[in-house]
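Examination of the molecular architecture
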Amino acid sequence: LESGARLPRAADAGRAFGVDALRAVSRALLGTIPADEQHWAESLYRAYYDLSIKSSGAILTVSEASRLNLERHFPETIGKIEVLPLVADPALTGQPVPLMTDRANDVLHVSKFEPRKNQLRLLDAWSSVAAARPGFRASIVGTPSTLFADYGVDVQHRIKHAEASGWLKHLTAIDDNLLGDL
């Protein structure tokens, strides 16, 4: 796990998925239920990742940086990781990648709203760009993670402010086939 990663608290996960379900998963993966909330999350995540890595024939990620990070934290992944960039390969689509001036947005972010994905900092950075560069266009696709409800509220508040300023478009979801249009 990333050093300093903010993990969900057992209480948040219990509200999202049910305490009985969490206890069953904890018993199945860990053999026990740790008493300390932070220890519980770290133990459960570690067991989940270890089982996932051990069971997988291949692991997909979107960048070389992500591959290197996975290999650093989980050496067992070396040789199992395939990097599939998020940009469509023109050879596969039969269409050229549109020039930036022909695209609807200058930047795009797609993910659940979680502290580790740092959407608050991203929105601050985009806001600075929007203030300095007239015509800046951005889009964010996603919804709050049930495990980080308070963080999700903060992100949604910033999104509403950015939408009101006119430079951000927010979608809660989008069909994969339409993602390229953003």
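Residues numbered from 1 in each chain as written. Predicted model: local features only at pLDDT ≥ 70, side-chain atom pairs only at ≥ 80, totals over all residues. Heavy atoms only, no water.

**A word on the pairing of strand β4 (residues 138-141)**
Burial along β4 is two-sided: Ala 138 and Ile 140 facing one way and Ser 139 and Val 141 facing the other are all buried. Across four bridges, the pairing between strand β3 (residues 107-110) and β4 is parallel. Paired with Val 107 across the strands is Ala 138, a residue of β4. For the handedness criterion, the β-α-β arrangement of β3, helix α6 (residues 119-132) and β4 is classed as right-handed. With four bridges connecting them, β4 and strand β5 (residues 168-171) associate as parallel partners. In the strand pairing of β5, Ser 139 is matched with Lys 169. Between β4 and its parallel partner β5, the chain crosses via helix α7 (residues 149-165), and the hand of that crossover is right-handed. (Buried < 20%, exposed > 50% of the residue type's maximum accessible area, 1.4 Å probe, protein only. Helix = DSSP H or I, 4+ residues; strand = E, 2+ residues; numbered from the N terminus. Pairing = 2+ DSSP bridges. Right-handed = clockwise from strand over helix to strand, strands pointing away.)

**A look at the packing of aromatic side chains**
Evaluated as defined, the whole model comprises two aromatic pairs. The interplanar angle of 45° and the centroid separation of 5.8 Å between the aromatic rings of Phe 136 and Trp 167 together place this pair among those described as tilted. Linking Phe 136 in the loop between α6 and β4 with Trp 167 in the loop between α7 and β5, this pair joins segments that are 31 residues apart in sequence. For the pair Phe 136 and Trp 167, one class covers both residues: buried. (Phe/Tyr/Trp six-rings, centres within 6.5 Å; stacked < 30°, edge-to-face > 60°.)

**As for the sheet that holds β5**
An order of β3-β4-β5 is seen for the three strands of this open sheet, with the pairing classed as parallel. Two strands lie at the open edges of the sheet, namely β3 and β5, each paired on one side alone. The mean angle between the axes of side-by-side strands here comes to 15°, regardless of whether they run parallel or antiparallel. Across the sheet, α6 is in contact with β3, β4 and β5; its angle to β3 comes to roughly 165°. Helix-sheet contacts for α7 involve β4 and β5, and the interaxial angle to β5 is about 135°. (Axes fitted to C-alpha atoms, helices over the stretch in contact; angles between N-to-C directions. Contact = heavy atoms within 4.5 Å.)

**Thoughts on the nonpolar core**
Counting residues in each nonpolar core, the largest one holds 21 residues, and the members touching the most others are Leu 123, Trp 126, Val 155, Ile 159, Trp 167 and Leu 168. Looking at this core, the elements with two or more residues in it are α3 (37-55), α6, β4 and α7. Setting aside residues up to four positions removed in sequence, Trp 126 forms contacts with Val 107, Leu 108, His 109, Phe 136, Ala 138, Ser 139, Ile 140, Trp 167 and Leu 168. (Core = buried A, V, L, I, M, F, W, Y, C linked by side-chain atoms within 4.5 Å.)

**A closer look at unusual backbone geometry**
You will see that Asn 118, though not glycine, has its phi angle at about 55°, which is positive. In this fold, Asn 118 is placed in the loop between β3 and α6. Its relative accessible area of 34% is what places Asn 118 among the partly exposed residues.

**Some words on the pattern of salt bridges**
Going through the model one piece at a time under the given rule, you end up with four salt bridges. Two residues, Glu 64 and Arg 67, come together in a salt bridge whose shortest N-O distance is 2.7 Å. Here Glu 64 and its partner Arg 67 are both found in helix α4 (residues 64-73), three residues apart, which amounts to about one turn of the helix. What makes Glu 64 partly exposed here is its relative accessible area of 44%. As a salt-bridge pair, Arg 116 and Glu 114 come within 2.8 Å of each other at their nearest N and O atoms. A residue is classified by how much of its surface remains accessible, and Glu 114, at 13% relative accessible area, is buried. Here the salt bridges share partners, and the residues they tie into one network are Glu 64, Arg 67 and Glu 71. (Salt bridge = Lys/Arg side-chain N within 4 Å of Asp/Glu carboxyl O.)

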